[in-house]
Amino acid sequence: YEGILSSRSFLETVLDTIGLTRFQTVFPKMSREEAVQYIHQSISLRKTIYTSFLKLNVRMNSSDLAYVTATRGTEIFRNRCHEVASEESRRALLEIDKQLNLIRKNLEQAEQDYRHFSEKAGQIHEGTTKELKALQDSASVVLAQLGVKEADLDAEKKLLLQMESKITPAVELKSSEY
């Protein structure tokens, strides 16, 4: 979270949301760069007694400016955290998809091996050989793994859809300089 809080894009978005003129009413000769640095030095994160909560603190010379910075900073910070969580979910989905493709490939190979074995050995009834039994067991394990991975993928997709429905698109949060 500290990475989000100290990122240039976060600090500039906070400044753009509040407006440089508001800082200049308290500090008349403050430049944009000085305002960004002032915000960076004024904001901190603290852990609370609840592990899933963080407290954003803002200490400034003006209580009005501190309040506005804390309010806007919290909104922007929350949105950035949602974006990060969404990106992590997307990466997890890609990884699960890669694993599913690998399992499918292994299953196809097991099926080909079974067909090849079956052609060589002739028609064997009810898995009477050790080789056939091993192939059947291998195929059932791969099918079970495939089912689990597909269930994981569906769950991750649902979670990603829920998270994406809660976040504001990043386009609206970008600094005008970028």
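Residues numbered from 1 in each chain as written. Predicted model: local features only at pLDDT ≥ 70, side-chain atom pairs only at ≥ 80, totals over all residues. Heavy atoms only, no water.

A. Representation of the packing of aromatic side chains in the model. With the rule as written, the count across this model stands at three aromatic pairs. Plain terms: the ring middles of F23 and Y38 are 6.5 Å apart, the flat faces sit at 90° to each other, and that makes the pair edge-to-face. Note that F23 is positioned in helix α3 (residues 20–26) and Y38 in helix α4 (residues 32–42), a separation of 15 residues in sequence. Note on F23: relative accessible area 0%, which makes it buried. The buried category is assigned to Y38, whose relative accessible area is 15%. Here F27 and Y38 contribute two aromatic rings whose centre-to-centre distance is 5.0 Å and whose plane-to-plane angle is 70°, an arrangement assigned as edge-to-face. Of this pair, F27 sits in the loop between α3 and α4 while Y38 sits in helix α4, and the two are 11 residues apart along the sequence. (Phe/Tyr/Trp six-rings, centres within 6.5 Å; stacked < 30°, edge-to-face > 60°. Helix = DSSP H or I, 4+ residues; strand = E, 2+ residues; numbered from the N terminus. Buried < 20%, exposed > 50% of the residue type's maximum accessible area, 1.4 Å probe, protein only.)

B. Highlighting the environment of D152. Relative to the elements of secondary structure, D152 occurs in helix α6 (residues 130–166). Its relative accessible area of 35% is what places D152 among the partly exposed residues.

C. Region of the structure containing α4. For α4, the full list of buried residues reads A35, V36, Y38, I39 and S42. The buried residues of α4 all sit within an arc of 160° when viewed along its axis, so they share a single face. (Arc of directions from axis to C-beta.)

D. Main features of helix α2 (residues 8–18). By the burial criterion, the buried members of α2 are F10, L11, E12, T13, V14, L15 and I18. Remark: G19 follows α2 within two positions and exhibits a positive phi of approximately 100°.

E. Structural view of the nonpolar core. By size, the foremost hydrophobic cluster in this structure holds 25 residues, and its most contacted members are F10, F23, I39, M60 and F77. Sorting the residues of this core by element identifies α1 (2–5), α2, α4, β1 (43–47), β2 (54–58) and α5 (63–121) as the ones contributing at least two each. The element best represented in this core is α5, accounting for seven residues. Not counting the four nearest positions on each side in its chain, F23 is found in contact with L15, I18, M30, A35, Y38, I39, M60, L65 and T69. Ranked by size, the runner-up nonpolar core spans nine residues in total, among them I96, L100, I103 and V142. (Core = buried A, V, L, I, M, F, W, Y, C linked by side-chain atoms within 4.5 Å. Contact = heavy atoms within 4.5 Å.)

F. Molecular detail of the confidence of the model for the chain. Summarising the model, the chain shows a mean pLDDT of 79, and 83% of its residues fall at 70 or more. Mean pLDDT per element in the chain: α1 is the minimum at 71, and α4 is the maximum at 90. With pLDDT under 50 throughout, residues 173–178 is counted as low confidence; its partners more than four residues away or in other chains account for 13 contacts. (pLDDT = per-residue confidence, 0-100.)

G. Geometry of the side chain of S42. Inspection of the secondary structure puts S42 in helix α4. At 2.6 Å, the side chain of S42 and the backbone oxygen of Y38 are in polar contact. Those residues in contact with S42 that sit more than four places away from it in its chain are N57, V58, R59 and M60. (Polar contact = N/O pair within 3.5 Å; in protein donor to acceptor, adjacent residues only side chain to side chain.)

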